[in-house]
Amino acid sequence: AQSVAQPEDQVNVAEGNPLTVKCTYSVSGNPYLFWYVQYPNRGLQFLLKYITGDNLVKGSYGFEAEFNKSQTSFHLKKPSALVSDSALYFCAVSSRAAAGNKLTFGGGTRVLVKP
Amino acid sequence: SQTIHQWPATLVQPVGSPLSLECTVEGTSNPNLYWYRQAAGRGLQLLFYSVGIGQISSEVPQNLSASRPQDRQFILSSKKLLLSDSGFYLCAWSAVGAAVGGEQFFGPGTRLTVL
């Protein structure tokens, strides 16, 4: 079975400061890891993924994430947050063994960026 | 490019009435398709997924059913809605050809309120 934990329900950060959203995972075999963002009453937007290779993955809108196998973590980061980054962020995990490319999502972290 | 459509965008239905939500994907062939429900703007629950026409896998026992009558059409149905069926329903697709670590792409969602 695969699982994802996002330990923070909400993260508050001032505009211009670095933003980190935490994610840890559990999966059999090599993980495929994803980050999505959701704005109110909208579908999820894909930000980035880690499949293999470089542990630092760069994605859309200036976001990046670092895969750490020993800590089973995949934290999302942005060097300088914008007010428009305020949204709900989801981490997800899959694996080669997952039938139908099923993703398991974390519970989500709400990010609030204050001016 | 690929696009995914869902309709209706919002729906208010009485308890005991039937339901039909539709999802269509354009610009790709033989996608994997998924139905999720999101309650209270938080975590996503995978309801059904399909790897081909007529092939439906149910993730949780419930009052809902899914069908895939055409390659790029996915329908979520109920014969009699319950109050607990209220929520935000999201359809998603992923490319089978990129099955290894294939990310899912989400539609805009349908907000269902059962009264």
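The structure under discussion appears in the preceding block.
A.B. asks: Is there a simple way to explain the overall build of chain B in this structure?
C.D. replies: A tally of helices and strands in chain B yields zero helices and 11 strands. When the elements of chain B are put in sequence order from the N terminus, they spell out β-β-β-β-β-β-β-β-β-β-β. Relative to the globule expectation of 13 Å for 115 residues, the C-alpha radius of gyration of chain B, 14 Å, shows essentially globular dimensions. Dimensions of chain B, computed from C-alpha atoms along their principal axes, come out at roughly 40 × 25 × 20 Å. Restricting to contacts in chain B with at least 6 residues of sequence separation, those with at least 24 account for 56%.

A.B. asks: Teacher, can you tell me more about the side chain of T109(A) here?
C.D. replies: Relative to the assigned elements, T109(A) resides in strand 12 (residues 109–114). Residue T109(A) is classed as buried on the basis of its relative accessible area, which comes to 0%. A distance of 2.8 Å separates a polar side-chain atom of T109(A) from the backbone oxygen of E8(A). Setting aside chain neighbours within four positions, we find T109(A) in contact with Q6(A), E8(A), D9(A), Q10(A), V11(A), V21(A), A87(A), L88(A), Y89(A) and R42(B).

A.B. asks: Can you help me understand the interface of chain B and chain A in this one?
C.D. replies: The partner chain A presents 25 residues to the 28 residues of chain B that form the contact. Carbon and sulfur atoms make up 51% of the area that chain B and chain A hide from each other, which totals about 2,000 Å². Counting the contacts that link chain B with chain A gives three salt bridges. The salt bridge involving K102(A) is made with E59(B); its shortest N-O contact spans 3.3 Å. Applying the counting criterion to the chain B and chain A interface returns six residue pairs in polar contact (both at pLDDT 80 or more).

A.B. asks: How should the nonpolar core be read in this particular structure?
C.D. replies: Most often, soluble globular proteins have nonpolar side chains that are buried together. Residue and element names in this part refer to chain A. Formed by 27 residues in total, the largest nonpolar core has its most connected members in L19, W35, L47, L48, F74, L76 and Y89. Elements with a minimum of two residues in this core: strand 2 (10–14), strand 3 (19–21), strand 5 (31–38), strand 6 (44–50), strand 8 (64–68), strand 9 (73–78), strand 10 (87–95) and strand 12. No other element matches strand 10, which puts four residues into this core. Setting aside anything within four residues of it in sequence, one finds F74 in contact with C23, L33, F34, W35, L48, K49, Y50, A65, E66 and F67.

A.B. asks: I would appreciate a short explanation of the layout of surface pockets in the present structure.
C.D. replies: One water molecule sets the probe size; rolling that probe over the atoms shows where empty space is left. Residues and elements named next belong to chain A. Empty space within the largest pocket amounts to approximately 180 Å³. In terms of lining, the largest pocket is formed by 13 residues, of which the most central are Y39, P40, N41, L88 and R110. Put simply, the parts of the chain that give the lining of the largest pocket at least two residues each are strand 10 and strand 12. Across the lining of the largest pocket, the residue classes break down as six nonpolar, five polar and two charged.

About the criteria used
Counting starts from 1 at the beginning of each chain's written sequence and moves along it residue by residue. Following the order in which they are written, the chains are lettered starting with A and the ligands numbered starting with 1. Per-residue local features of the predicted model are confined to residues with pLDDT of at least 70, and side-chain atom pairs are confined, for both listing and counting, to 80 or more; whole-chain, interface and lining totals are unaffected and use all residues. With hydrogens and water stripped out, all remaining heavy atoms of the structure feed into the side-chain values. Comment: elements are numbered from the N terminus, with helices defined as DSSP H or I runs of at least four residues and strands as E runs of at least two. Each radius of gyration reported is based on C-alpha atoms, and the globular scaling rule is 2.2 Å times the count of residues to the power 0.38. The contact definition used throughout considers only heavy atoms, calling two residues in contact when any of these lie within 4.5 Å. The buried label goes to any residue with under 20% of its type's maximum accessible area, the exposed label to any with over 50%, and the partly exposed label to all in between, with areas taken from a 1.4 Å probe on protein chains only. Distance and chemistry together define a polar contact, namely a pair of N or O atoms within 3.5 Å, with one atom able to donate a hydrogen and the other to accept it when in protein, and with adjacent residues in sequence counting only for side-chain atoms on both sides. Buried area: the sum, over both parts, of the accessible surface (1.4 Å probe) that disappears when the two are put together. The term salt bridge refers to a pairing of a side-chain nitrogen on Lys or Arg with a carboxyl oxygen on Asp or Glu at a separation within 4 Å. As used here, the term nonpolar core means buried Ala, Val, Leu, Ile, Met, Phe, Trp, Tyr and Cys residues forming a set that is joined through side-chain atoms within 4.5 Å. Here a cavity means grid points, on a 1 Å grid over the protein atoms only, where a 1.4 Å probe fits yet cannot get out; a pocket means an open set of points with protein on both sides within 12 Å along at least five of seven lines; lining residues are those with an atom within 4 Å of a point. Grid points are joined across faces, edges and corners, and a volume is the space filled by probe spheres set on the points. Gly is put with the polar residues, along with every residue not named as nonpolar or charged; the nonpolar set is Ala, Val, Leu, Ile, Met, Phe, Trp, Tyr, Cys and Pro, and the charged set is Asp, Glu, Lys and Arg.

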